[in-house]
Structures are given as structure tokens and as C-alpha cells.
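Understanding the architecture of this molecule
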Amino acid sequence: MATLYTQAEKNVRKTWILMTSFLIFVIFLGWIFSQVFSNSAILYFAVFLALFQSFISYWYSDKIVLAMTKAKPLEKSDNPQLYRIVENLCISAGLPLPKIYIIDEDQPNAFATGRDKNHAVIAVTRGLLERLEKPELEGVIAHELAHIGNKDMLLQTITVTLVAFVAILSDWFLRVSFWGMGKRDDERNNTNTIFAVFALFAIILAPLIAQLIHFAISRKREFLADATGALITRYPEGLARALEKIASYPHSMKGISSATAHLFIVNPFRGKEKENWVVKLFSTHPPIEERIKALREMSI
């Protein structure tokens, strides 16, 4: 049990270090652009835009995600056994019962969404219900409840918003620079010229850096949800076996886009999980082998 708590605590610390770094990076980027154009309004506008995007994402992200994945509400009478599993695990986790949705996909998979624990949703695919045994299904549901309890949906909303903010700000700066709306060359001293060159490099690298930080946070939260889910069920092997079965399914999900892929317990796209380190670097999910190994090393 001590191993579970230690791993969870380490992942929380690392995630918030990454999140803090992300926020500092975004603020610094906005400040750079405002300095280059000698206009503090750029920074104020950027902050406003980020807050506006956060508001929309916070209040409507669950409805948007459910519509994009074509998930449908699942009533208790449709699957009493699944509801009993979720109810029992919610009691163990100290969480209210989330709404349950089903996705008509053959691939076994699942995700959680919603702005907080009182407005949470768990969506499972038809293939998950058909292919997993009860201890394995409990492991997957516990993993998704862990995302809810750990407030991962809010964290993901913030990071996705910040990534979008960086991309928009960089694109705007590039367009303005192209049309020559910054300071004229004869108004710049050497320091300002160097500063402008540095800003140009920033707009090229910023979206890439933002995405890498977002991916790193997503991977850390998956490890944390695995550990927390094992705490809820007190049976890490159930989730480990479930991950093996989900990952072994050879076909990608048909109706899923890259915008929602990071939400699922396992990447819904197949064929790239075991490629080189570059693919792993840009993946929102940790390698399945590492997750299974970590779960089986946990002592209860």
C-alpha cells in the first residue's frame, strides 16, 4: 500500500511542476510579444482570450466531447451489473455516481469527462463491456473514477486551453510580423533587434514546446490514475489485465479524432504505440508496457 501512495504523490508533484512551468511559459511568451510591439494590450488580450477559452471549455467540454464521440446515455435498466459496479466503486472512492454513457464501438476503451465530480460522466465502449471480465472492468472504472477524483478533467481543460492560446498568439504574432506592423527598423536599437529575433524564434518553438508540456502532463495523469484506481479496487492486477486486453485489440476506433484521443484510458489509434522515441515523445499516453509493469510492482 505504501508503494501506491508514494507513486501517486510523486506523480502529483511532477504534474504540478509541469503545470507551473506551462503557466510561466505562457505568461513569458505573452510578455515577449507585448515587449516587441511595445504594447501591453497584447498581454492583456492574451490573458482575456485564455480565460474566455477556459470558461467555454469548463462549462461545455463534456457536452462537446460526448457529441464528438457519439456517446449515448445508458440507463440502469439497460445494464444493471455495470451500474452496480460503478455504484460500489463510487462508495469506495467517496464520489457521487457519475452519469454513464456508452459508445457503439467494438474496440474496448473508456474515458471520463465533466467539469467536476458532481457533473462527471464515464463513457465506455460496447467492446469494453463485451470483452472484459468483472475484475478487469472494475479496474477500468476505478481508473476513470480516479480521473474524476483527481480533478484531471479540469487540469486537461486548462492545458488544452493554454496550448490553443499559445498557438493563436504565435500565429497572430507571425502574421503581424509578416505585414511589418511592429516597430520600424530605424526605431530599433541593437538590443531591440536582438529581442525581436529572439521573439521570432519563440513563435516558431512555442507551439511545439506547449504541446510537449501538454503531452507530458497527460502521461503523468495516466500513471496517477492507474495508481489511484488500484487504491480504489485494492487489486492492481485487474487493471493490468484490462490494459493488456485493450491494447491487444488490433483495430482503431472509427469515430474518434485526435482532439479526443487523449481522454481514453488507452490510445484509441492503433499501429504507433511501439514505434521510436519520437512517437513516444509526442504521445498523450505512457507506453502500455510501462503502465502494466508499474501496476504489477505495486504491493497491496
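Our structure is the block above this text.
Below is a summary of the structure that appears in this document.

1. Observations regarding the overall build of the protein
- Regarding its fold elements, the protein presents 11 helices and four strands.
- The buried share of the protein, taken over its 300 residues, is 47%.
- In the protein, the share of contacts with a sequence separation of at least 24, taken over all contacts with a separation of at least 6, comes to 73%.

2. Let's talk about helix α3 (residues 80-93)
- Between its terminal C-alpha atoms α3 stretches 20 Å, which fits the 20 Å expected from 14 residues at 1.5 Å a residue.
- The complete set of buried residues in α3 reads Leu82, Tyr83, Ile85, Val86, Leu89 and Cys90. Take α3 and look down its axis: the buried residues cluster within an arc of 160°, on one side only. Away from the buried face of α3 by more than 90 degrees, exposed residues Asn88, Ile91 and Ser92 are located.
- Directly after α3, the chain includes Gly94, whose backbone phi takes a positive value near 70°.

3. Topic: a nonpolar patch on the surface
- A contiguous nonpolar patch, built from Phe45, Phe48, Phe52, Phe55, Ile56, Trp59, Tyr60, Ile64 and Met68 and spanning about 900 Å² of accessible area, is present on the exposed surface.
- By secondary structure assignment, the location of Tyr60 is in helix α2 (residues 41-69).

4. With respect to the pattern of salt bridges
- Enumeration according to the criterion identifies 14 salt bridges in this entry.
- Glu244 is paired through a salt bridge with Arg296; the nearest N and O atoms lie 3.0 Å apart. Taken together, the residues span a long stretch of sequence, with Glu244 in helix α8 (residues 236-248) and Arg296 in helix α11 (residues 288-297) at a distance of 52 residues.
- The exposure class of Glu244 is partly exposed, given its relative accessible area of 34%.
- The exposure class of Arg296 is partly exposed, given its relative accessible area of 41%.
- A network of salt bridges, in which partner residues are shared, links Asp104, Asp106, Arg126, Glu130 and Arg131.

5. A few points about the sheet that holds strand β3 (residues 110-113)
- Taken together, the four strands give an open sheet; going across it, the order is β1-β2-β4-β3, and neighbouring strands pair in mixed fashion. Each edge of the open sheet is held by one strand with a lone partner, namely β1 (72-73) and β3.
- Judged from the five bridges that link them, strand β2 (residues 99-103) and strand β4 (residues 121-125) form a sheet pairing that is parallel. In the strand pairing of β4, Ile103 is matched with Thr125.
- The sheet contacts of helix α5 (residues 134-149) involve β3 and β4, and relative to β3 the element is tilted by about 20°.

How each quantity is defined
Residues numbered from 1 in each chain as written. Predicted model: local features only at pLDDT ≥ 70, side-chain atom pairs only at ≥ 80, totals over all residues. Heavy atoms only, no water. Helix = DSSP H or I, 4+ residues; strand = E, 2+ residues; numbered from the N terminus. Buried < 20%, exposed > 50% of the residue type's maximum accessible area, 1.4 Å probe, protein only. Contact = heavy atoms within 4.5 Å. Expected span 1.5 Å × (residues − 1). Arc of directions from axis to C-beta. Patch = residues over 30% accessible without salt bridge, like charges linked within 9 Å, V, L, I, M, F, W, Y side chains within 5 Å. Areas by Shrake-Rupley, 256 points an atom, 1.4 Å probe, with all protein chains shown as cover. Salt bridge = Lys/Arg side-chain N within 4 Å of Asp/Glu carboxyl O. Pairing = 2+ DSSP bridges. Axes fitted to C-alpha atoms, helices over the stretch in contact; angles between N-to-C directions.

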